[in-house]
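Each chain, written out:
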Number of protein chains: 4
Amino acid sequence: MNQQQVCQQIADFWTNKMPFNQLLGLKITQFDRTKSEVRFLWQKQLIGNPLQNILHGGVTAAALDLVGGVVAAANIIDNLDDLSEKNIQKSLGKLGTIDLRTDFLRPGRGEEFIATACIIRSGNKVAVARMEMHNEKGEHIAFGTGTYMVG
Amino acid sequence: MNQQQVCQQIADFWTNKMPFNQLLGLKITQFDRTKSEVRFLWQKQLIGNPLQNILHGGVTAAALDLVGGVVAAANIIDNLDDLSEKNIQKSLGKLGTIDLRTDFLRPGRGEEFIATACIIRSGNKVAVARMEMHNEKGEHIAFGTGTYMVG
Amino acid sequence: MNQQQVCQQIADFWTNKMPFNQLLGLKITQFDRTKSEVRFLWQKQLIGNPLQNILHGGVTAAALDLVGGVVAAANIIDNLDDLSEKNIQKSLGKLGTIDLRTDFLRPGRGEEFIATACIIRSGNKVAVARMEMHNEKGEHIAFGTGTYMVG
Amino acid sequence: MNQQQVCQQIADFWTNKMPFNQLLGLKITQFDRTKSEVRFLWQKQLIGNPLQNILHGGVTAAALDLVGGVVAAANIIDNLDDLSEKNIQKSLGKLGTIDLRTDFLRPGRGEEFIATACIIRSGNKVAVARMEMHNEKGEHIAFGTGTYMVG
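Residues numbered from 1 in each chain as written. Chains lettered and ligands numbered in written order. Predicted model: local features only at pLDDT ≥ 70, side-chain atom pairs only at ≥ 80, totals over all residues. Heavy atoms only, no water.

A. Expanded view of the confidence of the model for chain A. Residues and elements named next belong to chain A. Overall, the prediction assigns chain A a mean pLDDT of 94, with 100% of residues at 70 or greater. The lowest-confidence element of chain A is strand β3 (residues 47–49), averaging 89 in pLDDT; the highest-confidence one is strand β2 (residues 36–41), averaging 98. Across the assembled chains, the prediction reports ipTM 0.95 with pTM 0.95. (pLDDT = per-residue confidence, 0-100. Helix = DSSP H or I, 4+ residues; strand = E, 2+ residues; numbered from the N terminus.)

B. Seen up close, the environment of N21 of chain D. Inspection of the secondary structure assignment puts N21 of chain D in helix α2 (residues 19–24). In this structure the C-alpha to C-alpha distance between N21 of chain D and A62 of chain D, which are 41 residues apart in sequence, comes to 8.5 Å. Setting aside its immediate chain neighbours within four residues, N21 of chain D contacts H56 of chain C together with W14, T15, L26 and L66 of chain D. (Contact = heavy atoms within 4.5 Å.)

C. Layout of helix α3 (residues 57–78) of chain B. The first and last C-alpha atoms of α3 of chain B sit 32 Å apart over 22 residues, in line with the 32 Å expected at 1.5 Å per residue. Counting buried residues in α3 of chain B gives 21 out of 22 residues, a clear majority hidden from the surface. (Expected span 1.5 Å × (residues − 1). Buried < 20%, exposed > 50% of the residue type's maximum accessible area, 1.4 Å probe, protein only.)

D. Summary view of the relation of the copies chain A and chain B. After a rotation of 180° and a shift along the axis of 0.0 Å, chain A superposes on chain B with an RMSD of 0.0 Å. When the rotation and shift are considered jointly, the pair of chain copies conforms to a two-fold rotation axis. The rotation axis passes nearest to the C-alpha of R101 of chain A in chain A, at a distance of 2.2 Å. Both copies share a contact surface, since 100% of the interface residues of chain A are interface residues in chain B too. (Least-squares fit on C-alpha atoms with pLDDT ≥ 70 in both.)

E. Region of interest: the sheet that holds strand β7 (residues 126–135) of chain B. Reading across from one edge, β1(A)-β2(A)-β6(A)-β7(A)-β8(A)-β5(A)-β5(B)-β8(B)-β7(B)-β6(B)-β2(B)-β1(B) is the order of the twelve strands in this open sheet, with antiparallel pairing throughout. Either end of the sheet is taken by a strand with one partner, and the two such strands are β1 (27–31) of chain A together with β1 (27–31) of chain B. In this sheet, adjacent strand axes meet at a mean angle of 20° when their direction is disregarded. When β1 of chain A meets β2 of chain A, the two strands line up antiparallel, connected through four bridges. Among the inter-strand pairings, Q30 of chain A is bridged to a residue of β2 of chain A, identified as E37 of chain A. On the sheet, helix α3 (residues 57–78) of chain A packs against β1, β2, β5 (96–104), β6 (112–122), β7 (126–135) and β8 (140–149) of chain A and is oriented at approximately 45° with respect to β6 of chain A. (Pairing = 2+ DSSP bridges. Axes fitted to C-alpha atoms, helices over the stretch in contact; angles between N-to-C directions.)

Have a look at this one:
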């Protein structure tokens with residue numbers, strides 16, 4: 001497999017085999033070293049405030065954490081010479097979120113939510129990503145910054 | 001109703017009527033101005049990493065966001081003279097998370113998770129809470145800091 | 001005075017009369033509601049690591065905190081109808097940093113450092129700004145996110 | 001030299017030979033793997049708000065960044081078998097702040113300020129510290145959380 005195929009396979013695995021991503025309906029729609037994207041649809045079960053019908057803050061944090069982890073993973077893959085399954089598993093096994101800041105800008109209302117991430121610090125041990133979440137109208141719902149262990 | 005009854009009623013409402021708290025099984029077990037507590041049990045659907053069987057970072061962030069919001073809400077209630085339902089709804093309607101930092105210390109493994117929060121900055125507009133999450137063995141899973149709009 | 005003159009006057013005051021800004025040589029070079037800018041020159045006394053000759057993290061945090069506060073102040077001024085000195089002082093007297101996240105991306109090396117900020121959440125009580133710091137070669141030194149009390 | 005002597009020597013070096021620590025008067029008064037302490041006295045040149053006579057946020061951030069770095073350094077030293085100068089320099093050369101969150105709780109007023117730190121995540125690549133700053137009356141001025149590269 002080439003890198004693009006590897007990335008597609010991981011995107012499918014994380015979308016379809018990670019129980020919590022499935023529970024929330026988080027779908028990885030872009031898995032690239034320069035930019036990643038995660039999308040999910042509004043569902044009643046994601047409501048955190050029943051009086052106002054807005055997303056729970058934990059849903060937003062989950063989407064931002066995932067999309068930042070995806071762009072970090074794409075950078076790990078991009079630096080691998082050996083694309084064997086064993087080496088990919090070993091390398092991604094080191095991936096983990098160290099810390100995550102979420103800035104809630106506007107109430108989480110909309111029909112679809114789009115979270116994107118890009119890398120602002122790339123190292124062989126630690127990577128830092130900046131994330132954003134908008135709704136389908138382009139309204140800016142949240143910002144995030146995440147520090148990830150990558151090696 | 002006195003303040004204690006009001007707090008109990010809100011705790012029940014947030015535990016039983018907030019769809020996302022129910023989806024995750026988050027239960028408010030202490031609703032007090034000095035300290036709040038949220039508990040939830042391990043469930044397979046909360047897994048974020050199927051190879052390692054650990055909680056999704058978004059679950060941890062959701063629990064920390066909730067428990068910080070609970071202690072902030074308890075401080076709002078504590079400052080109210082008028083405990084009518086209308087005034088309580090109006091006051092709690094202003095509550096919202098501005099930003100949340102989550103520090104992931106150890107892999108999220110365990111049978112039960114206990115998140116606690118206390119207030120470190122108390123104002124009539126903004127409150128800041130510090131949160132912790134342990135598992136049933138007392139292992140420290142995560143720290144958090146949250147800034148909340150309260151007025 | 002019109003708004004532009006008021007902003008210029010505050011920029012001069014903060015640059016020349018705030019002892020710590022003077023100590024570090026922080027100069028406000030743009031004071032605008034859409035974007036603010038702070039510049040300072042390399043000085044030996046700003047060194048935090050004598051073996052590597054790089055800026056102390058506190059210098060970077062100070063520049064980011066200031067430039068975020070400037071854009072928050074410009075938004076406060078922009079919303080004022082009454083531009084009397086008394087009203088400006090009263091309004092800016094409420095300005096304060098609630099929390100600040102600094103992400104250190106590269107070692108702080110260079111001859112001049114340029115910090116910029118824009119507002120990502122604008123409210124009548126709380127504003128959130130995102131900041132960046134580059135050196136004169138355009139190398140990205142740091143990112144920041146700050147939450148400010150504005151009313 | 002034994003570990004205690006090494007720590008004392010580094011504390012002296014960082015207090016006396018780091019230009020920015022000297023400029024601010026930051027003194028390392030405890031250099032220990034379980035807890036570190038930094039103290040500094042009020043000085044007019046540290047003022048960030050001349051109308052209110054309070055510390056600049058950058059001063060607080062600098063003290064928190066330093067005290068967190070000290071406890072991280074003490075943990076690095078504690079894990080070394082080879083206490084030769086060359087090995088210590090090599091090991092401490094990897095130390096760097098990745099990100100820092102500062103929560104400003106109260107106006108920075110007082111005669112002396114005491115910042116303390118303890119480690120909440122200890123790894124061979126990344127460490128996370130939580131910091132606090134009080135004044136001489138025990139008033140709580142600020143909290144901090146810092147993520148440090150340590151290997």
